[in-house]
Amino acid sequence: MSTPPTPNQAPRHVVLVGHGMVGHRFVEALRSRDTQRAWQVTILAEESSAAYDRVGLSSYVGTWQREALALPNSTYAADDLVDLRLGTRVAGFDCTTKTVVTEAGEVIRYDELVLATGSSPFVPPVPGHDADGCHVYRTLDDLDGIRGDAEAATERAAHAGRTANGLVVGGGLLGLEAANALRLLGLTPHVVELAPRLMPLQVDPGGAVVLERLVSGLGVGVHTGAGTQSIEPQSDGRLAVELSDGTALLTDLVVFSAGVRPADGIARAAGLAIGERGGVRTDRACRTSAPGVWAIGEVAAVEGRCHGLVAPGYAMAEVVADRLLGGSATFPGADLSTKLKLLGVDVASFGDAMGTTPGALEIVHTDATKGTYAKVVLSDDARTLLGGILVGDATAYTTLKAFVGREVPGDPAALIAPAGANLGSEALPDDAVICSCNNVTKGAICGAIADGACDLASIKGCTGAGTTCGGCLPTVRKLLVESGVELSKALCEHFPQSRAELFEIVAATGIRTFSGLIAQHGTGTGCEICKPTIASILASTSSEHVLDGEQAALQDSNDHFLANIQRNGTYSVVPRMPGGEVTAEQLITIGQVAQDFGLYVKVTGGQRIDLFGARAEQLPAIWQRLVDAGMESGQAYGKSLRTVKSCVGSTWCRFGVQDSVGMAVALEQRYRGLRAPHKIKLGVSGCARECAEARGKDVGVIATDQGWNLYVCGNGGQTPAHAQLLASDLDDAQLVRYIDRFLMFYVRTADRLQRTAAWLESLEGGLEHLRAVVCEDSLGIAEELESAMAKHVAGYRDEWKAVLDDPEKLARFVSFVNAPESGDPTVGFDDSGPRRVPVVLGTPTLPART
Amino acid sequence: MTVLVRPAPAELSTAPRPAVRPGVLPPPGLLAWVEACPVQQLVPGRGVAVLLPDRAQAALFLQPTGMIYAIDNIDPYSGAAVLSRGLTGDRAGEPTVASPLLKQVFSLRTGQALDEPEVSVRTYAVRVLDGVIRIGDLATGVVRGPRGWRRSAGSSGAR
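Residues numbered from 1 in each chain as written. Chains lettered and ligands numbered in written order. Predicted model: local features only at pLDDT ≥ 70, side-chain atom pairs only at ≥ 80, totals over all residues. Heavy atoms only, no water.

A. Geometry of the nonpolar core. Residue and element names in this part refer to chain A. Ranked by internal contacts, the top residues of the largest apolar core, which has 61 residues, are Leu-667, Leu-710 and Leu-770. Here this core spans two domains, since at least three of its residues come from each of domain 5 (499-555) and domain 6 (560-795). Excluding anything up to four places from it in sequence, Leu-770 contacts Val-712, Cys-713, Leu-726, Phe-742, Phe-745, Trp-759, Leu-760 and Leu-763. Counting residues in each nonpolar core, the second largest holds 52 residues, with Val-14, Val-22, Phe-26 and Met-316 among its members. (Core = buried A, V, L, I, M, F, W, Y, C linked by side-chain atoms within 4.5 Å. Buried < 20%, exposed > 50% of the residue type's maximum accessible area, 1.4 Å probe, protein only. Domains from an automatic or database assignment. Contact = heavy atoms within 4.5 Å.)

B. Quick peek at the interface of chain A and chain B. Facing the 44 residues of chain A at the interface are 44 residues of chain B. A buried area of about 3600 Å², summed over both sides, lies between chain A and chain B, and 56% of it is on carbon and sulfur atoms. The tally of links from chain A across to chain B stands at one salt bridge. For B:Lys103, the salt bridge goes to A:Asp556, with nearest N and O atoms at 3.3 Å. Remark: the boundary between chain A and chain B carries 14 residue pairs in polar contact (both at pLDDT 80 or more). Going through the elements one at a time, α14 (530-540) and α15 (557-561) of chain A are the ones with two or more residues in the side of chain A that touches chain B. Per-element accounting of the side of chain A that touches chain B gives the leading share, three residues, to α15(A). For the side of chain A that touches chain B, the residue count by class is 15 nonpolar, 20 polar and nine charged. (Buried area = accessible area lost by both parts, 1.4 Å probe. Salt bridge = Lys/Arg side-chain N within 4 Å of Asp/Glu carboxyl O. Polar contact = N/O pair within 3.5 Å; in protein donor to acceptor, adjacent residues only side chain to side chain. Helix = DSSP H or I, 4+ residues; strand = E, 2+ residues; numbered from the N terminus. Nonpolar A, V, L, I, M, F, W, Y, C, P; charged D, E, K, R; others polar.)

C. Layout of the confidence of the model for chain B. Residue and element names in this part refer to chain B. Mean pLDDT over chain B stands at 74; residues scoring 70 or higher make up 66%. The low-confidence segment residues 1-17 (pLDDT under 50) makes 30 contacts with residues lying over four places distant or belonging to another chain. The low-confidence segment residues 139-159 (pLDDT under 50) makes 47 contacts with residues lying over four places distant or belonging to another chain. Scored as a whole, the predicted complex attains pTM 0.55, and scored at its interfaces, ipTM 0.75. (pLDDT = per-residue confidence, 0-100.)

D. Layout of the sheet that holds strand β18 (residues 280-282) of chain A. The strand order across the open sheet formed by three strands is β18-β20-β21 (chain A), and the pairing between neighbours is mixed. Edge positions in the sheet fall to β18 and β21 (305-306) of chain A, since each has one partner strand and no second. (Pairing = 2+ DSSP bridges.)

E. Just the sheet that holds strand β8 (residues 105-107) of chain B, in detail. All names here are of chain B. The strand order β6-β7-β8 describes an open sheet built from three strands, whose pairing is antiparallel. The open sheet has two edge strands, β6 (87-91) and β8, and neither has a second partner. Averaged over neighbouring strand pairs, the angle between their axes works out to 35° when direction is ignored. Relative to β8, strand β7 (residues 94-98) runs antiparallel, the two being bridged by three bridges. Looking at the pairing, Thr-96 lines up with Ser-107 of β8. (Axes fitted to C-alpha atoms, helices over the stretch in contact; angles between N-to-C directions.)

F. Representation of the packing of aromatic side chains within the structure. Tallied over the entire structure, the rule returns 11 aromatic pairs over all chains. On the numbers, 5.0 Å between centres and 80° between planes, the contact of A:Tyr60 with A:Trp64 is edge-to-face. Here A:Tyr60 matches A:Trp64 in class, with each residue buried. Judged by centre distance (5.6 Å) and plane angle (70°), the ring pair of A:Phe745 and A:Trp759 falls under edge-to-face. Taken together, the positions of A:Phe745 in helix α19 (residues 732-749) and A:Trp759 in helix α20 (residues 756-762) put the pair 14 residues apart, joining distant regions of the chain. One exposure class covers both A:Phe745 and A:Trp759, and it is buried. In textbook terms, an aromatic cluster arises when at least three aromatic residues are bridged by ring pairs, as seen for A:Phe561, A:Tyr571, A:Trp623 and A:Phe813. It is A:Arg25 that lies over the ring of A:Tyr314; its NZ or CZ is 3.9 Å from the centre. Looking at B:Arg85, its charged tip hangs above the ring of A:Phe561, at a distance of 5.9 Å from the centre. (Phe/Tyr/Trp six-rings, centres within 6.5 Å; stacked < 30°, edge-to-face > 60°. Lys NZ or Arg CZ within 6 Å of the ring centre and 35° of its normal.)

G. Representation of the environment of A:Arg147 in the model. Residue and element names in this part refer to chain A. For Arg-147, the location among the structural elements is in helix α3 (residues 140-160). A relative accessible area of 26% places Arg-147 in the partly exposed class. For the pair Arg-147 and Ala-181, spaced 34 residues apart in sequence, the C-alpha separation works out to 9.3 Å.

H. How the structure looks around helix α18 (residues 660-671) of chain A. Residue and element names in this part refer to chain A. Between its first and last C-alpha, α18 extends 16 Å over 12 residues, near the 16 Å set by a 1.5 Å rise per residue. Along α18, the residues that are buried comprise Ser-660, Val-661, Met-663, Ala-664, Val-665, Leu-667, Glu-668 and Tyr-671. Tucked into the core, α18 has its buried residues touching β34 (641-646), β35 (680-685), β36 (699-703), β37 (708-712), α19 and α22 (782-795). Once α18 ends, the next one or two residues include Gly-673, with phi positive near 85°. (Expected span 1.5 Å × (residues − 1).)

I. Up close: the confidence of the model for chain A. Residue and element names in this part refer to chain A. Of the residues in chain A, 96% have a pLDDT of 70 or more, and the chain-wide mean is 88. A low-confidence stretch, residues 1-5 (pLDDT under 50), is modelled with four contacts involving residues beyond four sequence positions or located in other chains. Between residues 844-850, whose pLDDT stays under 50, and residues either more than four places distant or in other chains, the model counts 10 contacts.

J. Representation of the pattern of salt bridges in the model. All names here are of chain A. Within the structure shown, the criterion is met by 46 salt bridges over all chains. With its nearest N and O atoms 2.9 Å apart, the salt bridge here joins Asp-283 to Arg-287. Judged by relative accessible area, Arg-287 falls into the partly exposed class, the value being 39%. Salt bridges sharing common partners tie together Asp-548, Arg-797, Asp-806 and Lys-809.

If you want it as C-alpha cells, here you go:
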C-alpha cells in the first residue's frame, strides 16, 4: 500500500446533509480528486439506506432487495475520511457558529456545509389525503409501505372475488413510474392528471395522444383533465375517490405523485435566500446566500431555478467538489432531456421539446398503427436541431440528442423517418455529449478506445459512460465498432469462429466429432476452451451420452465425472429434486447415502441438497443408491439446466393463484440435461409475491389470475440482472412453447459463457427483437426451435444411470488406473470443527536433485 | 523407446492415428518402472492417475497426436491430486493440461505452468512395452537428469 500524501494541515471538515444520488456524486467527486486529503466528509443522511439509484426506484418492486439499487461504493467502507451516518435527521444549522444540530441533539462543526436534501413529494390538500392507504412515491421506505398495503389489498380483493385497484394522483413522469410499480404489485392502476394530457412537461399534445393509447392498452385507467376532489375511507377498507369530472373510483390505495417541492425547510429556518418558487437560491457556483454553505441537486435553485433531474444535480455536485478544491467551475445549465421506459413504453424528450424558441419549426411523424410519435424541433432556418419528442420508439434518441444545437446534415425529416436514414455516430462532433448522466463526450470515449479500451466494460471503467442509466450504451457500442476495434469473435487460438458460428457449422455439416471439426475448421489439438464448447454444441444437437466415444475427451472435468469437483479433488453429488419437491422416503435415502459415505450435507440456493466429499470411485455407488430409490443425480455443474425453483403455489399457499410447483416440476423434467452456452436456471412463482425469486432467473414464470407471465434473461451472481417481461397471461401450453423457443434460440446464438442477460444485451434490437422472434416468429424459425427442443425432451435419459449400465464408462470411475481399489491418499477430512471440511494430506517430498 | 502402432477405432475418427510414443525420454541411469495400464485403456485427450510407490502419484496422458506424457498429479496451486482430470490440448503447439480446479495451464512436456514462470510440476519418464505404459520412478536414484526432473520450489505444495 502506498501512503497517502501528507496534507499540509489537518483535513478541513465538510458536512453534507442528504445522501441521495447527487450527494453521493459530490462525495465521490471530492474524494477522488482530493489527493492531498484536504477534506474530511461527514454525511448526515435521513434515509436508512445509503444513496441508491432513485431513478430506478420502480425496479425495487418484485425483488425487494435494496442492494440491487445500491450505487457503487456508496458506503465508502474503504475511505477513512468519510463518515456516513444513516438515519440521522438534521434539525437545523447556524451559519454564524458554523454548526449543524441533529434531531438527536448532536452539534457538529463544519468548515463548509453542502445541502443536498433533495425534494419532498407534494401532497395536494385534498380532503382525506392523509387517510390510511394514501402514500407518496419517493423513497425505498415509501415503496415498502405501498407494498404492505398492496399485498393486503390483493388478498382482500381475492376474497371478495375482484381485482385490486390503485390510484395514482399525477400523470407525469413519476406518476407513470408509480403506476408501473402498482401494476407490478398486482394492482390495476388508474392515473389521474390535472393537465389535459399525460406527461405535460415532457410530451406535447400529439405525443400524449399516442402515449395515452399505449398506456391504456396496458390496462392502466387514464383520467386526464381531472383533479382529485376527495378521498373517503370505506368500511371495507377501500377508498372512495371523487374526481372533478364527476368520476368516482373505488380504490385500494392512493399514491400521490403530483410533483415535488424542494426540501428547503432547514435552509429557510437558517435564514438563507430562497428562490421565488422554493429551493435554496444559489449562484452558478452553487453558493447560497450564506458564506460556507452550498446547495446541490433538487433543493438548489440555481439562479432561482430548481432542476428535478439527476444529470443537472450531478453537474452541481461536480461544481462544488471543484470549488472546494480551489477550482472555479460553474453550473453549465441543465440538460432537461429525458428518456424513459415507462410501463414498457419508450418516451424521450430533449432540448426545446415544446418548440418555444421564436420561429421554431416542427417536423412530426406519427404512426397510429405502430403506436409511435416522433417530432423534431428546428431553428427558423430549418437547419439547427433544437429538440424533439419520441414516444413509442426512442431508439433515435441518443443520436438526435447529440445533435441538439448543431446543424443537421442532410434532410432533417430523415432524422425521424421510419426506416431511419438514421445518422451514424461517426457524424457526431467530438464534443458531442454521449453520456449525459456522467457528461462523457464522444471525444473522451474515442480517446479511451484509442488508449486500448476495446469493450463496453473497459470503456465504462475508464470514462464512466453508461454507468448510470445505460441509455447511451448502444451509441458507445457503435463508436467501438466504427473506431475499427475488431472485436475478435474467435473462440480461442484453435478456432477462428464464434460459438454461434460453430453451432451453425455443426448443424449444417453434420460433423459429429471434435477431430473432424478441428481438422476442417480449426488448427492444433484444441484446449480447455474450445473442447467443452464443442462438447456443449454436440450435446445440444443430439441425445448421445456425454461420455460416448470421442466426446468423453472433450468434457470439462465435472461433465466427465458427472459431479461437481471440490477444492480437494473430491466431488459433490446433488440429487435431482424437480421444483424443490421431495418425499420423506427420498429424504431418508439421501440421509442414508450421506451417512454411509460420510458426506457433508448442505442445502443449496436452488432448492436441492448437496452431498460433499465423494471420491471419484464412490460416485457410481452413490448414483446406484439414488437410482434404486427411484431418483437420479442432477447437474449442479456444467453449462446446463440447473434447477427450476418454485414456491409452494396454489395447492397449499393461501395467496397462490396457480400451481407453481406442478409447473416447476414439469419444466424441470422437460429441460433437464439441456446443454447451453452457460448454466440456465428457472423459477416459478405462484403469485405476484414472487417467493421463488423467478425474476432472478434466466427464465422466470410468475402466476397471474389469467395464467402465467414469462420473464427472461435474469440472473443472480456476480452481475445480477432482473428478468424482463416477455409475454403476459399465457396458458400452460403457450408458456412451454415460448420457453422452448427462447431456450433453443439462446442455445443456438449465444457466445460461450454468455448468460442470457448478456446475450440479450448483445442482441441487435434487444428485448423487442427477442419478443418478435419468440412470440411472433419474426424469423420463421419457431417450428425449428420447437422441434429441436422436442428432440431433446424425447432423447433425455438418466446420464448417471447410463454410466452404471456401461462397463467401459464405469471403469473410468477410479482414483488410480493401476490400483482401482485404492482411494486417493491425499484426500482427508477434518471433523474437529462445527462442520466437516476437506483437507489435503501431503505426499512425502521427494529428495531434491541438482 | 518403443513405438507402438494401434489401429484407430472406426467409430471415433476416420483419420489414421499417429504412432504412440513417449513424450519425455527417460533420463540416463537406472530407473524402476511402474506399470500403469495398457495403452488401449487410455482415452486420447484425457488423463488417468497412476499410484506410485511412496504414495506419490502421476498424471498420465495420451494425446490425440499419439504422444504420451506423465507429470505429477498434484496441482501445485491447490495441493489436490487432480491434474490427471484436467482438459488437455495445446497452446501454440505446446501440449498442455489445464487444472480442473482453477484452470491454470501446464506444459505436459516440461511441467511448466505456462502463465507463471516460477511454478512447475515435475515430469516422469514414460515408456511403452508390449502395449503397456510404464512410468519411470526415481526410487533407484538418478544422479543427473534433464530439467524436467528437477523438482522446482514452486511445486512443493499449495501456495
